[in-house]
Amino acid sequence: METKIKTFVAAIANQKGGVGKTTTVVNLAAALSRMHRTVLVIDLDPQANATTGLGQQPQEGVSLYPCLVGQAQIADMIQPTPYENLNVIPSEVNLSGSEIDLAQRPDRLAVVRNVLQAIRDANVFDYILLDCPPSLGILMTATLAAADGIVVPMQAEYYALEGLSTMQNLITRLKEGGANPALELNGILMTMVDFRTRLSMDVVDEVKKHFGDKVFETMIPRNVRTSEAPSFGQPVVFYDPSCRGAEAYRAFAKEFVRRNPTRERVDVETEIQKEEGDANHDQIA
Ligand SMILES: Nc1ncnc2c1ncn2[C@@H]1O[C@H](COP(=O)(O)OP(=O)(O)OP(=O)(O)O)[C@@H](O)[C@H]1O
Ligand SMILES: [Mg+2]
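Since this is a predicted model, take the numbers as computed values, not measurements.

Novice: Please explain the packing of aromatic side chains as it appears in this structure.
Specialist: Taken as a whole and judged by the stated rule, the model has seven aromatic pairs. An angle of 80° between the planes, with centres 4.9 Å apart, marks the rings of Phe-216 and Phe-252 as edge-to-face. Here Phe-216 is found in the loop between helix H8 (198–211) and helix H9 (224–228), whereas its partner Phe-252 is found in helix H11 (residues 244–259), with 36 residues between them in sequence. The same class applies to Phe-216 as to Phe-252, namely buried. Put simply, the rings of Phe-8, Tyr-127, Phe-216, Phe-252 and Phe-256 touch in pairs and so form one group of aromatic residues.

Novice: I'm lost on the nonpolar core in this one. Help?
Specialist: Soluble globular proteins: nonpolar side chains tend toward being buried together. Membership of the largest hydrophobic core comes to 53 residues, with the highest contact counts inside it found for Ile-42, Leu-64, Leu-116, Leu-144 and Met-190. For Leu-64, the contacting residues outside a window of four places in its chain are Ile-42, Leu-44, Ile-74, Ile-89, Pro-90, Val-112 and Val-115. One finds Ala-31, Leu-86, Val-88 and Phe-256 within the second-largest nonpolar core, a separate group that totals 31 residues.

Novice: When you look at the pattern of salt bridges in this model, what are you seeing that I'm missing?
Specialist: Any two side chains of opposite charge can pair, given that their charged atoms come close. Across all of its chains, the model carries 11 salt bridges by this definition. Note that Glu-184 and Lys-175 form a salt bridge whose closest N and O atoms lie 3.2 Å from each other. Judged by its relative accessible area of 27%, Lys-175 is partly exposed. Bridged by salt links that share partners, the residues Arg-225, Glu-228 and Asp-240 form one connected network.

Novice: Just to check I follow, could you spell out the sheet that holds strand S3 (residues 79–80) for this structure?
Specialist: As a general point, the strands of a sheet are linked pairwise by backbone hydrogen bonds and lie either parallel or antiparallel. Sheet architecture is open: seven strands sit in the order S3-S4-S2-S5-S1-S6-S7, paired in mixed fashion. This sheet does not close on itself; its edge strands, each paired only once, are S3 and strand S7 (184–191). Sheet analysis places strand S6 (residues 149–155) next to S7, joined by seven bridges and oriented parallel. Directly across from Gln-155, in S7, lies its bridge partner Thr-191. Relative to the sheet, helix H1 (residues 21–34) contacts strand S1 (8–12), strand S2 (39–43), strand S4 (86–89), strand S5 (127–131), S6 and S7, its axis offset from that of S5 by approximately 165°. Sheet contacts for H11: S1, S5, S6 and S7; angle to S7, the most-contacted strand, approximately 165°.

Novice: Just checking my understanding: could you explain H1 for this structure?
Specialist: Each α-helix turn comprises 3.6 residues. Residues three or four places apart therefore point the same way. Along its 14 residues, H1 runs 20 Å from first to last C-alpha, staying within 8% of the 20 Å computed at 1.5 Å per residue. Of all 14 residues that make up H1, 13 are buried, and the element is covered over most of its length. The first or second residue beyond H1 is His-36, which carries a positive phi of 65°.

Novice: Honestly, the site of ligand 1 in this entry has me stumped. Any pointers?
Specialist: Around ligand 1 sit 17 residues, and of these Lys-21, Thr-22, Thr-23, Pro-221 and Asn-223 come closest. Contacts to ligand 1 include Gly-18, whose backbone N or O atom sits 3.0 Å from an oxygen atom. Contacts to ligand 1 include Gly-20, whose backbone N or O atom sits 3.0 Å from an oxygen atom. Burial of ligand 1 by the protein amounts to 80% of the accessible area it has alone, namely 620 Å². Of all elements in the fold, only H1 and H9 reach the threshold of two or more residues within the shell around ligand 1. No other element matches the three residues that H1 contributes to the shell around ligand 1. Here the residues of the shell around ligand 1 are counted per class, giving five nonpolar, nine polar and three charged.

Here is what the cut-offs are and how they apply
Residues numbered from 1 in each chain as written. Chains lettered and ligands numbered in written order. Predicted model: local features only at pLDDT ≥ 70, side-chain atom pairs only at ≥ 80, totals over all residues. Heavy atoms only, no water. Phe/Tyr/Trp six-rings, centres within 6.5 Å; stacked < 30°, edge-to-face > 60°. Helix = DSSP H or I, 4+ residues; strand = E, 2+ residues; numbered from the N terminus. Buried < 20%, exposed > 50% of the residue type's maximum accessible area, 1.4 Å probe, protein only. Core = buried A, V, L, I, M, F, W, Y, C linked by side-chain atoms within 4.5 Å. Contact = heavy atoms within 4.5 Å. Salt bridge = Lys/Arg side-chain N within 4 Å of Asp/Glu carboxyl O. Pairing = 2+ DSSP bridges. Axes fitted to C-alpha atoms, helices over the stretch in contact; angles between N-to-C directions. Expected span 1.5 Å × (residues − 1). Near = heavy atom within 4 Å. Polar contact = N/O pair within 3.5 Å; in protein donor to acceptor, adjacent residues only side chain to side chain. Areas by Shrake-Rupley, 256 points an atom, 1.4 Å probe, with all protein chains shown as cover. Nonpolar A, V, L, I, M, F, W, Y, C, P; charged D, E, K, R; others polar.

Honestly, it's all geometry; don't read function into it.
Here it is, written out as structure tokens:
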């Protein structure tokens, strides 16, 4: 029997730079693909880190940009990656021009949503993950307007909470202003956590005090292999599956699937156990 999918669109966003957005997109995508979920990563950052992190080179004319300006169909922009179930719409420098292009359009907040509608309606991808740039520009705002939920990666350091109120205000404005009434803060993911330092753990406690169960149980440790993997054009989940960073991202993917199921009739827990079996097998092999 064919499994019915209802696509979930998640924006990975935080206007603060260097908090682990791209690392989260790339590795969540990789871990989900290992769980036999079909995934599309859309790189919306002209820096193209998610693109190269998945082993692709940016090419002019292949991105969401031509779709935003009505020059291409989104289906034609989808590129395969070396990994099964994992596809990408790369970024290119032209994307940085979209701020100006969009600014003049009355429908600017709906543009990304409208462009995504066709692949959303097709329900072939379990998850569409949107890697946002570190800004509060129009493209980023329009991207949030297109999402079902926002995952906010947050580095466990002082001042981490400051940026979060900005994100929350933006969510409220998009909801109440009608651009995306269904938008939710899906969760906060603590990244680069140093479990040995008091500071890191104090910040985690503080964030949990404010946001309760919006904070994902899984926390991503600071891990050298995780920071090395992008220079090999690979998600750490594939580059070094047994390192702590890879382990954490696999755990996060399971939690993410439980929070955001896309397949009605399958038993998520059974599937997750099966995946764990496969992963153990890989490690033994
Ligand atoms: N768990 C981790 N352990 C160690 N290094 C990490 C970890 N996560 C991310 N990094 C490193 O931190 C830096 C910033 O991460 P990343 O690029 O994912 O952040 P970002 O929020 O996407 O940044 P930007 O705002 O520039 O897009 C990168 O050099 C990355 O390799
Ligand atoms: Mg990034």
